[in-house]
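What follows is each chain in one-letter form.
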Amino acid sequence: TREELDEKAKSNWKKHMLPEKNDTDSIEQDIVHHTITTLCRGVYNIDKLAMYQATAHSVRDRLLEDWNCTQEALHKENPKRCYYMSMEFLIGRALDNALNCLKVKKNYKESVNNLGFSLEDLLVEEKDAALGNGGLGRLAACYMDSTATLDYPTWGYGLRYQYGIFKQIIKDGYQNEMPDYWLNFDNPWEFPRTDIRYEVRFHGYVATKMNEKGESRMSWEGGDKVQAMAYDVPIPGFDTKGCGNIRLWSSKPLNTFDFDSFNAGDYERSVSEQTNAQNLTSVLYPNDNHLVGKELRLKQEYFFVSASLQDIIHRFKRAKCPWKDFPDKVAVQMNDTHPTLAVPELQRILVDVEGLEWDDAWDIVTRTFAFTNHTVLPEALECWSVPMMEKILPRHMQIIYDINLFFLQKVERDFSPDRELLKRISIIEETSPQQVRMAYLAVVGSHTVNGVAALHSDLIRKNLFNDFVKYYGPEKFINITNGITPRRWLYQSNPALRDLITKTLGSEDWATHLDLLQGLKKYADDAAFQDAWADVKLQNKKRLADWIKTNMNITVNPHALFDIQVKRIHEYKRQFMNILSVIYRYKSLKKMSAEDLEQQVPRVVIFGGKAAPGYYIAKLVIKLINSAADVINNDVSIKDMLKVVFIPDYNVSLAEIIVPASDISQHISTAGTEASGTSNMKFVLNGGLILGTVDGANIEICEQIGKENIFMFGVLADAVDDIRHNQKYHGLFIDASLQVVIDAIQGGEFGDPSVFGPLINTLTYGGDYYLISTDFKSYLQEHTVVDDTFRDRAVWNKKSIMCTAGMGFFSSDRAVRTYAEKIWKLKPFKVGV
Ligand code: GPW
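Being a predicted model, the structure only gives us computed values, none of them experimental.

## Section: the overall build of the protein
And then number 1: Helices and strands together make up the secondary structure of the protein, namely 34 helices and 24 strands.
And then number 2: Expected size for 833 residues packed as a compact globule is a radius of gyration near 28 Å; at 28 Å, the protein falls within 12% of this value.
And then number 3: Across its three principal axes, the protein shows a C-alpha extent of roughly 90 × 75 × 60 Å.
And then number 4: Per-residue burial over the protein gives 60% buried out of 833 residues.

Here you go:
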């Protein structure tokens, strides 16, 4: 190591550690150098992909300089650090972001030009890093952007899936899934750490052993082991020398060999065991807000947690602090329950391996972890069957029983001996087989639990965790409303608006101090500013219209009202209600006289989103949207007053084109079901209005931007239970407007109606769990308000400006700062100043 080098060697190192130069000539030299050496290509066979790669490598060199600086300083100072544990990081592309963060985009543009290419062409060559399903994974990516930008010493930990979220292909209107083998080409944005490897055990048995102090301890023995190898993904901060990191684990076979089967002549089997080990981190489970309960998923969760904790403990031990100081050096945030096995795993290491007493260990554990809950949907709450856990993680299962026993004893002693309460609050659910309720384990193992929007945090305090709130007291359960990074979601994705805002406010400071957008309010009535603002929106709508024309060969009118709903397809998100209303609009247009038709506001309704491969009803919604689009888009009698587009394979990079182009976007979940939503924030930040229900973060957006600037409808969360109850006993009320639509579908206007039978049944015979029939009428009414408002362009433009101006609160910088202050007790750590 460095300490062992003599002074002469050290000074030689220093002499050659020169900063990269960012003049265009040096950049060109670098790109050419990487083309020849890193890629082994030359001017005779350079193409866009190779040029992208060479450019990326040269940008990466500049990033790694900051990365090294930051990590070296952290190593020396050893401040408290936070680790954000997440099974998903939906990062998207890295090059454009890195260029902006390093403030070198202008020069790179010129250099790339000088070498015969255009930067815009190169950016789209990059594959998205799509290691996530939707909101939860994208939130983790936004938070990593903010912790890096704010210089918080925070690392992400996750898994390096070889297959990210599947590619969605639409065939005959149906979703088909294709594997996303994103590592096919070299990935300049990750750094293999061949020297950082840990072993992870599965199966085996528990024995009693003497430790070094002569005490009797449990010991997990035998079983199968796989190896975790680290890959580091540098996370540039905006306009700072600091650079963050996400460490992703990849499973590799151990270098040992199964000699028993080898000697038995079963060579193939011993090789195939090795392949099994590698398969552990092959694939991201494609379920959003839904537990499937596969054994391989449980193994992934433990693999992830075990490798991360070994790494964290290794780093902690370097400083030779006593164990009791662990929580003063380490904060761990669990992104939902997926990393909850970290709780029994740390307890196991401290008690079984390090020889601490149970209570001392438990004190350390509960001062280390904090837990973010992201859903109230029962089907999304992780429960693992006890027999499966006993098989795969026998020692952890014992520890969970013990944690539960001590917890229940305390509740009984200090709070209430009520058997019903104890049964309700138990980490083990007494079903057959028994289940481990991971959310309860996460609550018991954490010092702080947070929800992700005000309403959501209220709901988990009132329902899901109510007994825990009563036992622990309310202080343990807090709200931290989600946020989004303004760097990717405005600065990078909407250059036209970025430049207008910067010109108007006189500086770029808003990109790191988003509250400064308030300064736009004073121009909201200014006619010239409104025109400039509207012109930006039109440019962005044209950009999207061009994409749709090029990729789908559908022509849409950029002057029409762009009405967008892009998110995972889910019954609770009610894309079904949206398409039903589109069909209603279509039927109404068809009934109109030619004069009335002329007077309508033309609309382009855009959908996008993936359905989990096994989610039959969600897939039927996609089919219905496409079947309706087919009919509507080809009906000349409605004179282009309505177009419907389902954009395939919605992902982060597409969102960057779609989000800036909305007039309205829809966030219409049944009240009380969407924990927060984050795309709502992205659209409003880009001057798009919202049509939404009184749910999740919509409520706080409304408070921040003013209720006159948002279109809200539908029943409130606290009415939902009663309505469901009434529907069950008195039947549904299907309004005439909804009946028109059902009749059209069942009459075969959009193809074979039997295809849609099961979907329609979720309404009519299924009890309409998500209350589409309840909200449909007020939904249609609000659509009419939208149309009427859109006719008055000045009124609309003012609302749009007020939207952007009021969004400061929703920066992920605010969210991360709140986590750091209220939960992590973490201070910024500035390097290079
Ligand atoms: F079920 N979310 C998500 F809570 O995208 F784990 N996937 C998930 O599996 C879960 C939650 C889980 C989302 C919420 O649905 C969304 O409302 C929220 O804005 C987002 O997480 C980030 O908090």
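Read on, since the account is not over.
## Here we look at the state of the cysteines
And then number 1: The final tally for this structure, using the stated rule, is zero disulfides.
And then number 2: As a non-bridged cysteine, cysteine 82 has cysteine 142 as the owner of its nearest cysteine sulfur, 16 Å distant.
And then number 3: Exposure remark for cysteine 82: the relative accessible area of 0% places this residue in the buried category.
And then number 4: Distance from the sulfur of cysteine 142, which forms no disulfide, to the nearest cysteine sulfur (cysteine 101) is 12 Å.

## Digging into helix α28 (residues 698-705)
And then number 1: Those residues of α28 that fall on the buried side of the exposure criterion are Asn698, Glu700, Ile701, Cys702 and Ile705.
And then number 2: One or two steps after α28, the chain reaches glycine 706, where phi turns positive at roughly 95°.

## Regarding the sheet that holds strand β19 (residues 561-566)
And then number 1: The sheet built from six strands is open, its strands ordered β21-β20-β19-β22-β23-β24 with parallel pairing. A single partner strand is all that each edge strand has here, and the edge strands are β21 (642-647) and β24 (711-713). Between one strand axis and the next, the sheet turns by 20° as a mean value, whatever way the strands run.
And then number 2: Strands β22 (664-667), β23 (689-693) and β24 of the sheet are contacted by helix α33 (residues 793-805), whose axis makes an angle of about 75° with β23.

## Digging into the packing of helix α12 (residues 342-353) against helix α13 (residues 358-368)
And then number 1: Put simply, α12 and α13 touch, their axes get as near as 9 Å, and they point 140° apart. Here the hand of the crossing between α12 and α13 comes out right-handed. The residues of α13 that touch α12, namely those facing Val343, Leu346, Gln347, Leu350 and Val351, are Trp358, Ala361, Trp362, Ile364, Val365 and Thr368.
And then number 2: Residues of the contact of α12 with α13, tallied by class, amount to nine nonpolar, two polar and no charged.

## Section: a nonpolar patch on the surface
And then number 1: A surface patch of nonpolar side chains, amounting to about 340 Å² of accessible area, comprises Leu5, Trp13 and Met17.
And then number 2: By the element assignment, methionine 17 lies in the loop between α1 (7-16) and α2 (24-36).

## Points about the sheet that holds strand β1 (residues 81-85)
And then number 1: Here we have nine strands laid out as an open sheet, ordered β7-β10-β11-β4-β1-β12-β13-β17-β18, and mixed in their pairing. Since the sheet does not close on itself, it has two edges, and those belong to β7 (191-202) and β18 (477-479), each with one partner. For this sheet, the mean angle separating the axes of adjacent strands, direction not counted, is 25°.
And then number 2: Across five bridges, β1 lies against strand β12 (residues 330-335) in parallel orientation. Within β12, the residue paired with methionine 85 across the bridge is methionine 334.

## Observations regarding the packing of aromatic side chains
And then number 1: All told, the structure shown has 33 aromatic pairs when counted by the stated rule.
And then number 2: By way of ring pairs, the aromatic residues Phe371, Phe407, Phe415, Tyr440, Phe465, Phe468, Tyr471, Tyr472 and Phe477 are connected into one cluster.
And then number 3: For the cation-ring pair, arginine 498 lies above tyrosine 491, with the distance from its terminal atom to the ring centre recorded as 4.9 Å.

## A few points about the pairing of strand β9 (residues 216-221)
And then number 1: Of the pairings in the sheet, the one linking strand β8 (residues 205-210) to β9 comprises six bridges and is antiparallel in character. Its bridge partner being in β9, alanine 207 is matched across the sheet by serine 219.
And then number 2: Following β8, the chain reverses through five residues before pairing antiparallel with β9; glycine 214 in that reversal takes a positive phi of roughly 80°.

## Brief notes about unusual backbone geometry
Residues apart from glycine generally show negative phi values, whereas peptide bonds are mostly found in trans.
And then number 1: Between serine 432 and the following residue, proline 433, the backbone shows a cis peptide bond with an omega angle of 0°.
And then number 2: Within the element layout of this structure, proline 433 appears in the loop between β15 (428-429) and β16 (435-437).
And then number 3: Phi is positive for cysteine 40, which is not a glycine, with a value near 50°.
And then number 4: Residue cysteine 40 is classed as exposed on the basis of its relative accessible area of 61%.
And then number 5: Not every positive phi belongs to a glycine, and aspartate 768 is a case in point at roughly 45°.

## A few points about the nonpolar core
And then number 1: Residues Trp249, Phe465 and Phe576 are the most contacted members of the largest nonpolar core, which totals 256 residues.
And then number 2: Here this core spans two domains, since at least three of its residues come from each of domain 1 (78-93 + 128-446) and domain 2 (486-817).
And then number 3: The residues contacting phenylalanine 576, other than those within four sequence positions of it, are Val621, Leu624, Leu759, Ile760, Thr762, Leu763 and Ile772.

## Description of the side chain of serine 308
And then number 1: Residue placement: serine 308 occurs in helix α10 (residues 295-318).
And then number 2: Judged by relative accessible area, serine 308 falls into the buried class, the value being 0%.
And then number 3: Looking at serine 308, its side chain comes within polar contact range of the side chain of tryptophan 249, at 3.1 Å.
And then number 4: Excluding anything up to four places from it in sequence, serine 308 contacts Met85, Tyr157 and Trp249.

## As for the packing of helix α23 (residues 575-591) against helix α30 (residues 736-746)
And then number 1: For the pair α23 and α30, the least separation of the axes is 9 Å and the interaxial angle reads 90°. The angle between the axes of α23 and α30 places the two elements in the roughly perpendicular class. Two secondary-structure elements touch here, α23 through Leu580, Ile583, Tyr584 and Lys587 and α30 through Ser737, Leu738, Val740, Val741, Ala744 and Ile745.
And then number 2: Class assignment of the residues belonging to the contact of α23 with α30 gives a composition of eight nonpolar, one polar and one charged.

## Brief notes about the pattern of salt bridges
And then number 1: Tallied over the full model, the rule gives 51 salt bridges.
And then number 2: Measuring nitrogen to oxygen at the nearest pair gives 3.4 Å for the salt bridge that ties lysine 798 to aspartate 525. You can see lysine 798 sitting in helix α33 and its partner aspartate 525 sitting in the loop between α21 (495-505) and α22 (527-552), a full 273 residues away along the chain.
And then number 3: Overall, aspartate 525 belongs to the exposed group, its relative accessible area being 57%.
And then number 4: When the shortest N-O distance is used, the salt bridge between aspartate 787 and arginine 603 registers 3.3 Å. Residue aspartate 787 is found in helix α32 (residues 772-791), and its partner arginine 603 is found in strand β20 (residues 603-608); the two are separated by 184 residues along the sequence. Each member of the pair, aspartate 787 together with arginine 603, is buried.

## So, the site of the ligand
And then number 1: The immediate surroundings of the ligand are formed by 18 residues, with Asn289, His374, Asn482, Glu674 and Gly677 found nearest.
And then number 2: In this structure, an oxygen atom belonging to the ligand sits 3.2 Å away from a side-chain N or O atom of tyrosine 572.
And then number 3: Its free accessible area being 470 Å², the ligand has 96% of it covered by the protein chains.
And then number 4: Residue classes in the shell around the ligand are distributed as six nonpolar, nine polar and three charged.
And then number 5: Each of two domains, domain 1 (78-93 + 128-446) and domain 2 (486-817), supplies a minimum of three residues to the shell around the ligand.

## Details of the domain arrangement of the protein
And then number 1: According to the domain assignment, the protein contains domain 1 (78-93 + 128-446) and domain 2 (486-817).
And then number 2: A separation of 36 Å is found between the C-alpha centroids of domain 1 and domain 2.
And then number 3: Each side of the interface is counted separately: domain 1 has 37 residues, and domain 2 has 39 residues.
And then number 4: Here domain 1 and domain 2 share an interface that buries about 3200 Å² over both sides, 56% of which is from carbon and sulfur atoms.
And then number 5: Between domain 1 and domain 2 we count three salt bridges in total.
And then number 6: The closest approach of N and O atoms between arginine 487 and aspartate 145, which form a salt bridge, is 2.9 Å.
And then number 7: Inspection of the region where domain 1 meets domain 2 yields 18 residue pairs in polar contact (both at pLDDT 80 or more).
And then number 8: Of all the secondary structure elements, the ones that give two or more residues to the side of domain 1 that touches domain 2 are β2 (89-92), α7 (135-149), β5 (167-171) and β6 (174-178).

## Notes on the pairing of strand β11 (residues 243-252)
And then number 1: Judged by how many residues are buried, β11 sits mostly within the fold: 10 of 10 residues are covered.
And then number 2: Residues Cys243, Asn245, Arg247, Trp249 and Ser251 of β11 are buried on one face, and the alternating residues Gly244, Ile246, Leu248, Ser250 and Lys252, pointing to the opposite face, are buried as well.
And then number 3: The pairing of strand β4 (residues 154-159) with β11 spans five bridges and is parallel. The residue of β11 that forms the bridge with glycine 158 is leucine 248.
And then number 4: For strand β10 (residues 224-236) and β11, the ladder comprises 10 bridges, and the chain directions are antiparallel. Residue pairing in the sheet places isoleucine 235 in a bridge with glycine 244 of β11.

Definitions and limits used
Residues numbered from 1 in each chain as written. Predicted model: local features only at pLDDT ≥ 70, side-chain atom pairs only at ≥ 80, totals over all residues. Heavy atoms only, no water. Helix = DSSP H or I, 4+ residues; strand = E, 2+ residues; numbered from the N terminus. Rg over C-alpha atoms; globule rule 2.2 N^0.38 Å. Buried < 20%, exposed > 50% of the residue type's maximum accessible area, 1.4 Å probe, protein only. Disulfide = S-S within 2.5 Å. Pairing = 2+ DSSP bridges. Axes fitted to C-alpha atoms, helices over the stretch in contact; angles between N-to-C directions. Contact = heavy atoms within 4.5 Å. Left-handed = near helix turned anticlockwise from the far one by under 90°. Nonpolar A, V, L, I, M, F, W, Y, C, P; charged D, E, K, R; others polar. Patch = residues over 30% accessible without salt bridge, like charges linked within 9 Å, V, L, I, M, F, W, Y side chains within 5 Å. Areas by Shrake-Rupley, 256 points an atom, 1.4 Å probe, with all protein chains shown as cover. Salt bridge = Lys/Arg side-chain N within 4 Å of Asp/Glu carboxyl O. Phe/Tyr/Trp six-rings, centres within 6.5 Å; stacked < 30°, edge-to-face > 60°. Lys NZ or Arg CZ within 6 Å of the ring centre and 35° of its normal. Core = buried A, V, L, I, M, F, W, Y, C linked by side-chain atoms within 4.5 Å. Domains from an automatic or database assignment. Polar contact = N/O pair within 3.5 Å; in protein donor to acceptor, adjacent residues only side chain to side chain. Parallel < 35°, antiparallel > 145°, perpendicular 65-115°, else oblique. Near = heavy atom within 4 Å. Buried area = accessible area lost by both parts, 1.4 Å probe.

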